[in-house]
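Here's the letter readout for the chains.
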Amino acid sequence: MTSAGTPTATPGNRAQRSLTVFSLAGVAAAVVIAIMTNVLVARFYERWDWTSTGLYTLSQATRDTLHELKEPVDVIVFLSASDPLTLSVRHMLTAYGGETRLLRPRYVDPDKNPAEFLALQQKYKLLAGKTEDGRVVTDASMVVARGERHWFVTTDDLIAYDEADGRVRPKLEQALTEGIRNVLERERAKICFTTGHQEISIDDGGPTGVAEFRFRIEKDNYDVEVIDLTAPGKQTPLAPCRVVIVAGPEVEFAAKASQRLIDYLKQGGNVLLLANPVLDEENRIRPTGLDPIARAAGIEFNADFVIEQDEGSRLPTGLGETYFATPVLHDVTKGLFKDSEKVEFKVMVSAAQSLRKSAGQSPTALLRTSASAFSLKDIRPFVEEGKTVRKGPSDAQGPFDVAMAAELPKPAGSTEKHGPRLVVVGSANPAWGRNWRETPLLGTRMFMESALSWLSARPAIVSVPEKASHDIGLNLTEDSLGEVLRYVLVYMPGAAALIGGFILFRRRVTERRSRRGAKAPPPPPAVTPPNTPTDGTNAKGSESGEAR
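Residues numbered from 1 in each chain as written. Predicted model: local features only at pLDDT ≥ 70, side-chain atom pairs only at ≥ 80, totals over all residues. Heavy atoms only, no water.

**Student:** So what's going on with the overall build of the protein? Residues and values would help.
**Tutor:** Secondary structure summary: the protein contains 13 helices and 26 strands in total. Among the 548 residues that make up the protein, the fraction classed as buried is 39%. Excluding contacts between residues fewer than 6 apart, the proportion of contacts in the protein whose partners are at least 24 apart in sequence is 70%. Surface summary for the protein: the accessible area is close to 31700 Å², and the carbon and sulfur share equals 55%. (Helix = DSSP H or I, 4+ residues; strand = E, 2+ residues; numbered from the N terminus. Buried < 20%, exposed > 50% of the residue type's maximum accessible area, 1.4 Å probe, protein only. Contact = heavy atoms within 4.5 Å. Areas by Shrake-Rupley, 256 points an atom, 1.4 Å probe, with all protein chains shown as cover.)

And the structure:
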């Protein structure tokens, strides 16, 4: 303390002030870091999918769809809180929300919000009923809506159950992305299938039918119409058709019908020819009658039968007539490539004829066989006599093009963004229904959908890769129940007892060692006062006595 009464600046006071300053600075820094972290989190959203099958990892097709959104899209979920799918739907929509702010999910529980559900039911014409336990169910689990356009997503669209092995396959991403792309379209293009030459029926729901392809087309906001090119009298015009599909005719196309398609093509129409080899009554390969149509775009049919010999491309069974063709980079096939260089998906082709370019023309190849393939002009020895398929001296050697595409110049006065387009495939099997049911045929499905999108100049139909299937619930056998019993009654209690015994033994050993090693502390040394003689006499007393 100074004379004026002011406290002296001691080292302790300076340390206290420094500690206060540093504490305030630390609090301020923590506030700044928290604000910056929230800003960064708000601007750069990131999620991690730790599920074993990547259930909530979005495909590139889905991300592209979300990034292309220009206006809000509503997703109304009609699942109750007790529904097993509710949690998955919430997680998936959260992942979608991480890619765009224009997706607006809305959850309406039919059990908790019956008035709101009733209003939406009347708006979207939903059917509803109650289960035995009183829960409300509808024919639509979700509605994807943009303005007046809406798309229903049912429970069957969200998940597939295989009764044979008791496993389920999630389809949530496929259903959501498909719904979003459909409501973005403002008009419904018309797809026309020809008939009259024994083409594959659009009502054939078998593995080799095209009913599944037709269903896929309709779900993607296309209108489907069948036009008989051989019908007498007044004929249905082809002009309103965005794309005309000729699906695997079994008899030779009539010249008049071919001319109608040529006129339609030259006037700005788009044609998809799926033309496998046509056999006559004696099993000889004969012209399809579609040659003039393909030739109008610079494509020629070779009227042969392609056999693939490459073991890595052909199926292990058969003669080599069914194989996986390699895509060639084009707008139709770019979805089959990874990074525009490496082929990621191949396309299955069966019983195909090869194609070639016309002289002076420049169509583009889409699918190609390996160099080991060869083609046959006469298959009677193998069909009728059962001989082994072998390449003869006159048989052509691969590789062969089995699918090609071409775009013609725009007709005079056309307002379209592109000229007439033609895709020719030397086989009808890419349109078979099995392509939409069997996972290994994803590439074939993507090829067909992309070809249709390119022809109609509409956004690509989404082919989201399927998620891996997994077991549903717990499948407990007698052995499994016995194992659970042993774990619960033997292994787990035994392990707990062993751990407890070890801890008890360790404590006792530690305590015993501590008691054995403990010793009494030595007495403190005596302190001798100053000026005290070591012999114990009093120095002052002695001096006094001598003085006396």
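From this point on, the discussion continues.
**Student:** Got a sec to walk through helix H4 (residues 114-124)? Specific residues and values, please.
**Tutor:** Every α-helical turn comprises 3.6 residues, leaving residues that sit three or four positions apart pointing alike. For H4, every residue scored as buried is listed here: Phe117, Leu120, Gln121 and Tyr124. Here the buried residues of H4 occupy an arc of 110° about the axis, which is enough to place them on one side. Across H4 from its buried face, at more than 90 degrees, point the exposed residues Ala115, Gln122 and Lys123. (Arc of directions from axis to C-beta.)

**Student:** Account for the state of the cysteines, with residues named and values stated.
**Tutor:** Applying the stated criterion across every chain, the model contains one disulfide. The side chain of Cys192 participates in a disulfide bridge whose partner is Cys241; the two sulfur atoms lie 1.9 Å from each other. On the sign convention where negative is left-handed, the bridge of Cys192 and Cys241, at about -85° about the S-S bond, is left-handed. Separated by 49 residues along the polypeptide, Cys192 in strand E9 (residues 189-195) and Cys241 in the loop between strand E10 (222-228) and strand E11 (243-247) bring together distant segments of the chain. (Disulfide = S-S within 2.5 Å.)

**Student:** Could you give an account of helix H6 (residues 172-184), naming the residues involved and the relevant values?
**Tutor:** An ideal rise of 1.5 Å per residue puts 18 Å on 13 residues; H6 measures up with 19 Å between its terminal C-alpha atoms. Summarising burial for H6: 12 of the 13 residues are buried, a large majority. Those residues of H6 lying buried are Leu172, Glu173, Gln174, Ala175, Leu176, Thr177, Glu178, Gly179, Ile180, Arg181, Asn182 and Val183. (Expected span 1.5 Å × (residues − 1).)

**Student:** An account of the pattern of salt bridges is requested, with residue identities and associated values reported.
**Tutor:** Side chains bearing opposite charge may pair, as long as their charged atoms lie close to each other. All chains considered together, the criterion is met by 15 salt bridges. Close ionic contact of Glu71 with Arg146 constitutes a salt bridge, the shortest N to O distance being 3.4 Å. Linking Glu71 in the loop between helix H2 (60-67) and strand E1 (73-77) with Arg146 in strand E5 (residues 142-146), this pair joins segments that are 75 residues apart in sequence. For Glu71, a relative accessible area of 28% puts it in the partly exposed group. Among the salt bridges present, the one from Glu178 reaches Arg216, with a minimum N-O distance of 3.0 Å. A residue pair is termed long-range when its members are at least 10 positions apart, and Glu178 in helix H6 and Arg216 in helix H7 (residues 211-219) qualify at 38 residues. Across the pair, exposure class does not vary: Glu178 and Arg216 are buried alike. (Salt bridge = Lys/Arg side-chain N within 4 Å of Asp/Glu carboxyl O.)

**Student:** Would you mind going over the side chain of Ser350 in detail, with residue names and values included?
**Tutor:** By the element assignment, Ser350 lies in strand E20 (residues 347-350). Residue Ser350 is classed as buried on the basis of its relative accessible area of 12%. Excluding anything up to four places from it in sequence, Ser350 contacts Glu321, Thr322, Ser427 and Asn429.

**Student:** Tell me about the pairing of E5, and name the residues and values.
**Tutor:** Counting buried positions over the five residues of E5 gives five, a clear majority of the element. Side chains Met142, Val144 and Arg146 of E5 all project onto a buried face; the interleaved residues Val143 and Ala145 project onto the opposite face, where all are buried too. Inspection of the sheet shows E1 paired to E5 by four bridges, in the antiparallel sense. Considered in E5, the bridge of Ile76 is made with Val143. Judged from the five bridges that link them, E5 and strand E6 (residues 149-153) form a sheet pairing that is antiparallel. (Pairing = 2+ DSSP bridges.)

**Student:** So, the sheet that holds E5: which residues are in play, and what are the values?
**Tutor:** Spatially, four strands are ordered E2-E1-E5-E6 in an open sheet, and the strand pairing comes out mixed. Strands at the two margins of the open sheet, each flanked by one partner only, are strand E2 (103-107) and E6. Between one strand axis and the next, the sheet turns through 20° on average, direction left out of account. In the sheet, E1 pairs with E2 via five bridges, with the strands oriented parallel. Its bridge partner lying in E2, Val77 is registered against Tyr107. Sheet strands in contact with helix H3 (residues 86-97) are E1, E2 and E5, and its direction is about 160° off that of E2. (Axes fitted to C-alpha atoms, helices over the stretch in contact; angles between N-to-C directions.)

**Student:** Which residues make up the packing of H3 against H6, and what values go with them?
**Tutor:** Across the interface, H3 lies against H6 with an axial gap of 11 Å and an inter-helix angle of 50°. Accordingly, the angle class assigned to the pair H3 and H6 is oblique. Along this stretch, H3 crosses H6, giving a crossing that reads as right-handed. Within the contact between the two elements, H3 uses Ser88, Val89, Met92, Leu93 and Tyr96 and H6 uses Leu172, Glu173, Leu176, Thr177 and Ile180. Its residues placed into classes, the contact of H3 with H6 shows seven nonpolar, two polar and one charged. (Parallel < 35°, antiparallel > 145°, perpendicular 65-115°, else oblique. Left-handed = near helix turned anticlockwise from the far one by under 90°. Nonpolar A, V, L, I, M, F, W, Y, C, P; charged D, E, K, R; others polar.)

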